[in-house]
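Residues per chain are reported as follows:
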Amino acid sequence: MVREQYTTTTEGTSIERPERQYVYNIGIYGWRKRCLYLFVLLLLIILVVNFALTIWILKVMWFSPTGMGHLRVTSEGLRLEGESEFLYPLYAKEIRSRLDNSLHLQSSQNVTVNARNSEGQIMGRLTVGPGLVETHGQQFQINSDKGKMLFSVDEKEVLVGTDKLRVTGGLESPTRSLSMDAPKGVYIKAQTGEIEAISRKDIKLHSSDGMVVLDAEKIILPKLPQGTKTNAADSSQELYEICVCPDGKLYLSVAASQSTCREYSRDCQ
C-alpha cells in the first residue's frame, strides 16, 4: 500500500512544500499468511511424530550403545544371549556358547549343517530330523578328547579303534560275508553264557602257523559217523576211539586194546 503525506500551511508563512514521499509495507497478509502458519504447524507435527516413532523403535528393538536386544557387539565379534530365531540363512566363521551354558539348535522340521569347498560344492552334510540323524561325506570319524580315533567309517571299511568292542545284540551281515581280522589275534569269550556257531554250510577252523586247541572238560561230537569194519561185524560195545582219514574226515571205531582205525577205515576209501 502506498500512503501519501500532506503538509498544511497558514497564510503569511512561507514553508517550502516537501516533496511527495511513498511508504512501502513489506510482508505476507491474508490467506497466504494463514497457509504459511498451517504449513509450519504441519511440519512440527510430523517432526514430533517421527521423533516419537524413533523413540518407540529404539525401545522395542532394545537398542543400546553396545548392540541391539540380545545381540552385543564385542571386540571378538557378535555375542547373542537368550533364544533367537533366524528366518534366513546364517553365515558365520565360528559359533560357540558361553563358558557356563550349552548351545541349543532347535527347528520345527530339521537342522542341517553343510560344509562347502572353495567352489561352493557341498562336501559334507549333517541332518538331524525328528526321527533320523543322517550324514553325508567321504568319511565319518569319532575321536576321543585326546585325539585318538574311536570309530571310523568310509566306503571300504569300518574301523573300531578301542581296545574292546562290546555288542549287546546280534552281529549280522544279511547281504554279504562277515569277517574278523586283527593283527594280534581274535579273542572270543563268554563270561556266563555259551558261544554258538551255526552255519548252513561248512565251518572251518584253519591255522596257518600253529595249532587248533579244543580245551574243555568235555568235548562232544554227537553226530560223528561210525566207521565200517572191513571183514567182521560191528561190536555192540559203547567204547570207541576217534580216527582221522587222510583228508581230515573224522570217524569212530570200536575201542580195543590196540587201535582199530585200520579195521574201520573203509569209509576213508
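All values reported here derive from a predicted model rather than from experimental measurement.

Trainee: I'd like a description of the overall build of the protein chain, backed by residues and values.
Mentor: Within the protein chain one finds one helix and 12 strands. Each helix and strand of the protein chain, placed in order from N terminus to C terminus, yields the pattern α-β-β-β-β-β-β-β-β-β-β-β-β. The buried share of the protein chain, reckoned over its 269 residues, is 6%. Here the protein chain has roughly 26,600 Å² of accessible surface; of this, 54% comes from carbon and sulfur atoms.

Trainee: Can you lay out the UniProt feature "transmembrane region" (unreviewed entry) in the protein chain for me, pointing to particular residues and giving the numbers?
Mentor: UniProt's entry tags residues 36-58 with the feature "transmembrane region" (unreviewed entry), counted in the numbering of this structure. Summarising residues 36-58: 100% helix, 0% strand, and an end-to-end C-alpha distance of 33 Å.

Trainee: Could you give an account of the state of the cysteines, with specific residues and numbers?
Mentor: All chains considered together, the criterion is met by one disulfide. Between the sulfur atoms of C243 and its disulfide partner C261 the distance amounts to 1.9 Å. Negative torsions about the S-S bond denote left-handed disulfides, and the value of about -80° found for C243 with C261 makes this one left-handed. Of this pair, C243 sits in strand β11 (residues 240-244) while C261 sits in the segment after β12 (250-254), placing them 18 residues apart in sequence. C243 gets classed as buried once you look at its relative accessible area, which sits at 1%. A relative accessible area of 19% places C261 in the buried class.

Trainee: A description of the sheet that holds strand β10 (residues 158-160) should follow, citing residues and the corresponding values.
Mentor: With respect to topology, three strands assemble into an open sheet ordered β8-β9-β10, the strand pairing being antiparallel. Two strands lie at the open edges of the sheet, namely β8 (140-143) and β10, each paired on one side alone. Averaged over neighbouring strand pairs, the angle between their axes works out to 10° when direction is ignored. Where strand β9 (residues 149-153) meets β10, three bridges bridge the pair, whose relative direction is antiparallel. Counterpart to F151 in the pairing with β10 is V160.

Trainee: Report on the pairing of strand β6 (residues 122-128), specifying residues and quantitative values.
Mentor: When a strand is regular, its side chains alternate between the sheet's two faces. Sheet topology places strand β5 (residues 111-116) next to β6; six bridges connect them, and they run antiparallel. Bridged to V111 within β6 is V128. The hairpin formed by β5 and β6 contains five residues between the paired strands, and G120 there has a positive phi angle of roughly 90°. Pairing of β6 with strand β7 (residues 133-136) involves four bridges; the strand directions are antiparallel. The residue of β7 that forms the bridge with T127 is E134.

Trainee: Mind laying out the sheet that holds strand β3 (residues 71-74), listing which residues take part and the relevant values?
Mentor: Spatial strand order, β1-β2-β3-β4: four strands in an open sheet with antiparallel pairing. The open sheet has two free edges, formed respectively by β1 (63-64) and β4 (77-80), since each of these has just one partner strand. Strand direction decides the pairing type here: β3 and β4, joined by four bridges, are antiparallel. Paired with R72 across the bridge in β4 is R79.

Analysis parameters
Residue positions are counted from 1 within each chain, in the order its sequence is given. Per-residue local features are limited, in this predicted model, to residues with pLDDT of at least 70; the limit for side-chain atom pairs, both in listing and counting, is 80 or more; totals at the level of whole chains, interfaces and linings are taken over all residues. Just so you know, side-chain values use all the structure's heavy atoms and leave hydrogens and water out. Each helix is a run of DSSP H or I of at least 4 residues and each strand a run of E of at least 2, with the numbering of both proceeding from the N terminus. Note on exposure labels: buried denotes an accessible area under 20% of the residue type's maximum, exposed denotes more than 50%, and partly exposed covers the range between, all computed with a 1.4 Å probe on protein chains only. For the accessible areas, the method is Shrake-Rupley and the probe is 1.4 Å, while residue cover comes only from the protein chains on display. UniProt positions are given in the numbering used here, feature names are shortened, and annotations may be inferred rather than shown by experiment. The disulfide criterion is simple: two cysteine sulfur atoms within 2.5 Å. By definition, two strands form a pair when at least two bridges between them are found by DSSP. To get an axis, fit a line to the C-alpha atoms, keeping to the stretch in contact for a helix; angles then go from 0 to 180 degrees between the N-to-C directions.

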